[in-house]
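Coordinate analysis (summary)
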Amino acid sequence: MKITALTENTSRDPQIGCEHGLSLYIETNAHKLLFDAGQSALFAANAEQLGVDLSQVGLAVLSHGHYDHAGGLERFLQLNDHAPVYLSRYATEPHYNADGKYIGTAEALSHSDRLRYTGEAYRIDESLALYSCNERPKPYPLDTGGLSMESGGARCPEDFRHEQYLLITENGKRVLISGCSHKGIRNLMHWFRPDVLVGGFHLMKRKLDDRLIADAKALDNYPTAYYTCHCTGVEQYRYMKPYMQRLHYLSAGQTIEL
């Protein structure tokens, strides 16, 4: 399995652009798929630079309904004329940041006939499955970070019901792909216990303190290899790294092979 970061908050290559967002191109034994599309068409420009042909992608997954993951989907639908896009049935609901700014998906996206809406669990095939985990008990409290959503015409604290996770099972490995882990990275590890986890931890606004160290040590107790990025935060990653033996950072343009 090969996973390439088409766009992410950082880049180590001057030929590859970066932005606050995430897009991953994943090749498995049976699939070529896109996981998220960043906040703009930058992921597509980077894909061309990296020799990734987006027209050959067989399916796409949207992790959740925030602009920095869904903003480039319209461009993907222009470049690729057949791939279905799997997203939560809640993904197109309005979402707002802590300052009240709208951070949801583009309204035009909701009119595409290529969208495939998912619920609590959705199996694409024997190797790919999507889970929202909305009905699972959360042993660790949810941190909204001040984010909010609209439900029933009223504004309320975000519950991240629009977020889903992709579990890939291949060659005896269970690889979990998460856009932002809004439901809590420790909750995700409690639920899935994957061999590999790729994605953001949603810690970039967390203080560099003992609480963060405790989280790092708790994550390190699992035999999981972590490839993190985006909303983890570079400073938070560096702070956690000494306490996590298998923690790595994935920047735009980089490829990992599993």
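Structure: see above.
Parameters and conventions
Residues numbered from 1 in each chain as written. Predicted model: local features only at pLDDT ≥ 70, side-chain atom pairs only at ≥ 80, totals over all residues. Heavy atoms only, no water. Helix = DSSP H or I, 4+ residues; strand = E, 2+ residues; numbered from the N terminus. Contact = heavy atoms within 4.5 Å. Phe/Tyr/Trp six-rings, centres within 6.5 Å; stacked < 30°, edge-to-face > 60°. Buried < 20%, exposed > 50% of the residue type's maximum accessible area, 1.4 Å probe, protein only. Lys NZ or Arg CZ within 6 Å of the ring centre and 35° of its normal. Polar contact = N/O pair within 3.5 Å; in protein donor to acceptor, adjacent residues only side chain to side chain. Pairing = 2+ DSSP bridges. Right-handed = clockwise from strand over helix to strand, strands pointing away. 1 Å grid on protein atoms, 1.4 Å probe; cavity = no way out; pocket = protein on both sides within 12 Å on 5 of 7 lines; lining within 4 Å. Points joined across faces, edges and corners; volume = space filled by probe spheres on them. Nonpolar A, V, L, I, M, F, W, Y, C, P; charged D, E, K, R; others polar.

**A short note on the side chain of threonine 232**
Structurally, the position occupied by threonine 232 is in the loop between strand E15 (225–228) and helix H6 (234–240). Excluding anything up to four places from it in sequence, threonine 232 contacts Gly199, Gly200, Phe201, His202, Leu203, Met204 and Tyr237.

**Structural notes on the packing of aromatic side chains**
The full count for this structure, using the stated rule, is 6 aromatic pairs. Ring plane angle 70° and centroid distance 6.3 Å describe the contact between tyrosine 165 and phenylalanine 192, whose orientation is recorded as edge-to-face. Placement of tyrosine 165 in strand E12 (residues 165–170) and of phenylalanine 192 in helix H4 (residues 185–192) is noted, with a sequence separation of 27 residues between them. Residue classification places tyrosine 165 among the buried residues on the basis of a relative accessible area of 0%. The exposure class assigned to phenylalanine 192 is buried, which follows from its relative accessible area of 5%. Ring plane angle 65° and centroid distance 5.3 Å describe the contact between tyrosine 237 and tyrosine 249, whose orientation is recorded as edge-to-face. Residue tyrosine 237 is located in helix H6, and its partner tyrosine 249 is located in strand E16 (residues 247–249); the two are separated by 12 residues in the primary sequence. Among the aromatic side chains, those forming a connected cluster through ring pairs are Tyr131, Tyr165 and Phe192. Above the plane of the ring of tyrosine 90 lies arginine 161, whose end atom (NZ or CZ) is 4.7 Å from the centre.

**Concerning the environment of asparagine 134**
Examined against the element boundaries, asparagine 134 turns out to sit in the loop between strand E9 (128–131) and strand E10 (148–151). Under the relative-accessibility criterion, asparagine 134 is labelled partly exposed at 27%. A sequence separation of 27 residues divides asparagine 134 from arginine 161, and the C-alpha atoms of the two residues are 6.0 Å apart. If sequence neighbours within four positions are ignored, asparagine 134 has contacts with Tyr90, Glu120, Phe160, Arg161 and Lys183. At 3.1 Å, the side chain of asparagine 134 forms a polar contact with the backbone oxygen of arginine 161.

**Examining the side chain of threonine 28**
If you trace the backbone, threonine 28 turns up in the loop between strand E2 (23–27) and strand E3 (32–35). Not counting residues up to four positions away in its chain, the partners in contact with threonine 28 are Met1, Ile168 and Glu170.

**Side note on the pairing of E3**
Taken together, the 4 bridges between E2 and E3 define a ladder with antiparallel strand orientation. Bridge pairing in E3 places glutamate 27 opposite lysine 32. Taking the residues between adjacent antiparallel strands as the criterion, E2 and E3 are bridged by 4 residues. With 3 bridges joining them, E3 and strand E4 (residues 59–61) adopt parallel strand pairing. Looking at E4, one finds that phenylalanine 35 is bridged to valine 61. What joins E3 to E4 is helix H1 (residues 42–50), and the crossover it makes is right-handed.

**Here we look at the layout of surface pockets**
Its volume calculated, the largest pocket comes out at about 460 Å³. Lining the largest pocket are 21 residues, with Leu147, His182, His202, Met204 and Lys205 positioned closest to its centre. Along the lines of polarity and charge, the residues of the lining of the largest pocket split into 8 nonpolar, 8 polar and 5 charged. Estimated volume of the second largest pocket: approximately 320 Å³. Lining the second largest pocket are 17 residues; nearest its centre among them are Pro141, Asp143, Gly184, Arg206 and Arg211. Secondary structure elements with two or more residues in the lining of the second largest pocket: H4 and helix H5 (210–220). Counting residues per element, the lining of the second largest pocket draws most heavily on H4, which supplies 3 residues.

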